[in-house]
Amino acid sequence: ELIQELSGLFGILPEYWDITGTKHIASLETKKAILRAMNMQIDTADDVARHINERRWKTWRSFIDPVHVLSVNAHPVSIPVYIPVKEGEEKDLTVSLLIEDEKGNKDKIHYSGDAVRISEQQWIDGKRFIKLNRSCEAKKEIGYHALTVICSHPATIFPGGSDTIKKTERLIITPDACYMQPGLQKG
């Protein structure tokens, strides 16, 4: 069961249909081989449980995802930010987002105090993490954007005794469908 759960967390499909219509089911041994190929120690139940815990909470522990992909029609653009903060300390947070497109155009979003609205919270290994979903009202063009998020607090509350967390992610805005030649659009 633990291998099944870990496989699912890493996107290993339990089954698929090939081009000839034949259904293939991934065996437990195949899943183990794939997980080992991903450099995971899975020899004991404790090893597998540790990997499950790491994967399940990876996004929460990382502040922002390294890459965020959205449709060009997703409006407003919503950016999830995960912050380790004790209860009551969120009122003193200041969060700034800078979104820069490939042409150098920039949008800045800044919020603090009552504008910091928690959409979700989790306790992970005895520490409280909050999730903020911040929206950018400006419509984004298809392409690659650099999103820099800076979170600061007047006290040194963040890991490593810091008062600031700063990370950059790649924000990719995509069309809803790939280009299809006119002759193929009609079947």
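Look up: the structure comes first, before these words.
Below is a short write-up of the structure. Owing to the predicted nature of the structure, the values given are computational and were not obtained by experimental measurement.

## Let's talk about helix 3 (residues 45-56)
Then step 1. The end-to-end C-alpha distance of helix 3, which contains 12 residues, comes to 16 Å, matching closely the 16 Å that a straight helix rising 1.5 Å per residue would cover.
Then step 2. Turning to helix 3, its buried residues number three or more, namely Asp 47, Val 48, His 51 and Ile 52. The buried side chains of helix 3 occupy one side of the element, clustering within an arc of 135 degrees when seen end-on.
Then step 3. In the core, the buried residues of helix 3 are packed alongside helix 1 (2-9).

## Quick word on the pairing of strand 3 (residues 67-71)
Then step 1. What you see with strand 3 is a clean split: His 68 and Leu 70 sit on the buried side and Val 67, Val 69 and Ser 71 on the side with no burial.
Then step 2. Judged from the 5 bridges that link them, strand 3 and strand 10 (residues 164-174) form a sheet pairing that is parallel. Residue pairing in the sheet places His 68 in a bridge with Leu 171 of strand 10.

## A word on unusual backbone geometry
Glycine aside, residues mostly have negative phi, and peptide bonds are mostly found in the trans state.
Then step 1. Even without being glycine, Asn 39 reaches a positive phi, approximately 65 degrees.
Then step 2. On the secondary structure map, Asn 39 appears in the loop between helix 2 (28-37) and helix 3.
Then step 3. Under the relative-accessibility criterion, Asn 39 is labelled exposed at 71%.
Then step 4. Of note, Asp 125 is a non-glycine position whose phi angle comes to about 50 degrees, a positive value.
Then step 5. With respect to the secondary-structure elements, Asp 125 resides in the loop between strand 7 (118-124) and strand 8 (127-136).

## Details of the nonpolar core
Then step 1. Ranked by size, the top nonpolar core spans 26 residues in total, and within it Phe 63, Ile 83, Val 95, Leu 97, Val 149 and Leu 171 carry the most contacts.
Then step 2. Those elements that provide at least two residues to this core are strand 4 (77-84), strand 5 (94-101), strand 6 (106-112), strand 8, strand 9 (143-152) and strand 10.
Then step 3. At 4 residues, strand 4 tops the list of elements feeding residues into this core.
Then step 4. Each residue touching Leu 171, except ones within four places of it in the same chain, is listed here: His 68, Leu 70, Val 77, Ile 79, Ile 99, Gly 143, Tyr 144, His 145 and Leu 147.

## Some points on the layout of surface pockets
A water-sized probe, rolled over the atoms, reveals where empty space remains.
Then step 1. Estimated volume of the largest pocket: approximately 300 Å³.
Then step 2. Lining the largest pocket are 17 residues; nearest its centre among them are Pro 84, Val 85, Lys 127, Phe 129 and Pro 159.
Then step 3. At the level of secondary structure, the elements contributing two or more residues to the lining of the largest pocket comprise helix 4 (58-61), strand 4, strand 8 and strand 10.
Then step 4. For the lining of the largest pocket, the leading source of residues is strand 8, giving 3 residues.
Then step 5. Residues belonging to the lining of the largest pocket are distributed by class as follows: 10 nonpolar, 1 polar and 6 charged.

## Observations concerning the packing of helix 1 against helix 2
Then step 1. The geometry of helix 1 relative to helix 2 is characterised by a closest axis approach of 10 Å and an angle of 55 degrees between their N-to-C directions. Judged by the inter-axis angle, helix 1 sits oblique to helix 2. Viewed along their axes, helix 1 and helix 2 form a crossing whose handedness is left-handed. Contacts between helix 1 and helix 2 involve Ile 3, Gln 4, Leu 6 and Ser 7 from the first element and Leu 28, Lys 31, Lys 32 and Leu 35 from the second.

About the cut-offs
- Residue numbers restart at each chain and count upward from 1, following the sequence in its written direction.
- The predicted origin of the model limits local features to residues at a pLDDT of at least 70 and limits the giving and counting of side-chain atom pairs to 80 or more, whereas totals for whole chains, interfaces and linings rest on all residues.
- Computation of side-chain values covers all heavy atoms of the structure but excludes hydrogens and water.
- Helix and strand definitions here come from DSSP, where helices need a minimum of 4 consecutive H or I residues and strands a minimum of 2 consecutive E residues; each element is numbered from the N-terminal end.
- Expected helix span is computed as 1.5 Å times (number of residues minus one).
- Remark: exposure states derive from per-residue accessible area (1.4 Å probe, protein chains only) relative to the maximum for the residue type, with buried under 20%, exposed over 50%, and partly exposed in between.
- This arc describes the spread of directions from the helix axis toward the C-beta atoms.
- Residue contacts are defined here by distance: any two heavy atoms, one from each residue, within 4.5 Å place the two residues in contact.
- A pair of strands is treated as paired once DSSP finds two or more bridges between them.
- Put simply, a nonpolar core is a bunch of buried Ala, Val, Leu, Ile, Met, Phe, Trp, Tyr and Cys residues held in one set by side-chain atoms that sit within 4.5 Å of each other.
- Using a grid of 1 Å spacing that covers the protein atoms alone, one calls a set of points a cavity when a 1.4 Å probe fits there but cannot get out, and a pocket when the set is open and has protein on both sides within 12 Å along at least five of seven lines; lining residues are those with an atom within 4 Å of a point.
- Grid points are joined across faces, edges and corners, and a volume is the space filled by probe spheres set on the points.
- Only Asp, Glu, Lys and Arg are considered charged, only Ala, Val, Leu, Ile, Met, Phe, Trp, Tyr, Cys and Pro nonpolar, and every remaining residue, Gly among them, polar.
- Only the stretch in contact is used when fitting a helix axis, every axis being a line fitted to C-alpha atoms; angles between N-to-C directions are given from 0 to 180 degrees.
- When describing relative orientation, an angle under 35 degrees is termed roughly parallel and one over 145 degrees roughly antiparallel, while 65 to 115 degrees is termed roughly perpendicular and anything else oblique.
- The hand of a helix crossing depends on one turn: near helix anticlockwise from the far one by less than a right angle means left-handed, and clockwise means right-handed.

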